[in-house]
Amino acid sequence: MYDALIFHSIKILVEHPDAVSFCFLYNRKDREEIENLLKMYNVPIRKVRLLSKKLSQIRKKTHFHIDKDTVSNTDKIWKQADIKGNFLIEILNVLWNVLNKIHLKVIGKVFNQT
């Protein structure tokens, strides 16, 4: 279950020009609107970007692109990324709420949670 959480967190936060993720929305939509929504939850965009950067290292070295130099010591990559559970959950909870508000505004309904 933890792997699925990390996998989906990476998908949400990946900064890649071909990926439609939170970062895509932030870079392509109204930044001010998104920053104001984040402020409602006392989370500045820099914290979201920090988690994105940390998850990017996990993605590049252990999850999607298994690095030949680190395949035998993935614990080292996780230690370097230094992703704390409380930090991960805080950001994911805020992103859920922010993305849900954007979804409601654009689509006219909240996410289906089933």
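What counts, and where the lines are drawn
- Residues numbered from 1 in each chain as written.
- Predicted model: local features only at pLDDT ≥ 70, side-chain atom pairs only at ≥ 80, totals over all residues.
- Heavy atoms only, no water.
- Helix = DSSP H or I, 4+ residues; strand = E, 2+ residues; numbered from the N terminus.
- Buried < 20%, exposed > 50% of the residue type's maximum accessible area, 1.4 Å probe, protein only.
- Contact = heavy atoms within 4.5 Å.
- Areas by Shrake-Rupley, 256 points an atom, 1.4 Å probe, with all protein chains shown as cover.
- Lys, Arg positive; Asp, Glu negative; His and termini not counted.
- Salt bridge = Lys/Arg side-chain N within 4 Å of Asp/Glu carboxyl O.
- Polar contact = N/O pair within 3.5 Å; in protein donor to acceptor, adjacent residues only side chain to side chain.
- Expected span 1.5 Å × (residues − 1).

Trainee: How would you explain the overall build of the protein if you had to name every residue and give the values?
Mentor: A tally of helices and strands in the protein yields six helices and zero strands. Ordered by position in the sequence, the α and β elements of the protein form the string α-α-α-α-α-α. When the 114 residues of the protein are sorted by exposure, 34% land in the buried category. The long-range fraction of contacts in the protein, counting pairs at least 24 apart against all pairs at least 6 apart in sequence, stands at 60%. Carbon and sulfur atoms form 53% of the exposed surface of the protein, whose accessible area is close to 7700 Å².

Trainee: Break down the side chain of Lys54 for me, with residues and values.
Mentor: Looking at where Lys54 falls in the secondary structure, it is placed in helix α4 (residues 45-63). No salt bridge is formed by the buried Lys54, whose closest oppositely charged neighbour, Asp82, lies at an N-O distance of 4.1 Å. Of note is the side chain of Lys54, whose polar atom sits 2.8 Å from the backbone oxygen of Asp82. Apart from the residues within four sequence positions on either side, Lys54 is in contact with Ala81, Asp82 and Ile83.

Trainee: Give me helix α6 (residues 85-107): which residues, what numbers.
Mentor: With 23 residues, α6 extends 31 Å between its outermost C-alpha atoms, agreeing within 8% with the 33 Å of an ideal straight helix rising 1.5 Å per residue. Within α6, the full set of buried residues consists of Phe87, Leu88, Ile91, Leu92, Val94, Leu95, Val98, Leu99, Asn100 and Ile102. Following α6 by one or two positions, Gly108 adopts a phi angle in the positive range, close to 95°.

Trainee: Which residues make up unusual backbone geometry, and what values go with them?
Mentor: Unusually for a residue other than glycine, Asn42 sits at a positive phi of about 60°. Note on placement: Asn42 falls in the loop between α3 (31-40) and α4. Note on Asn42: relative accessible area 65%, which makes it exposed.

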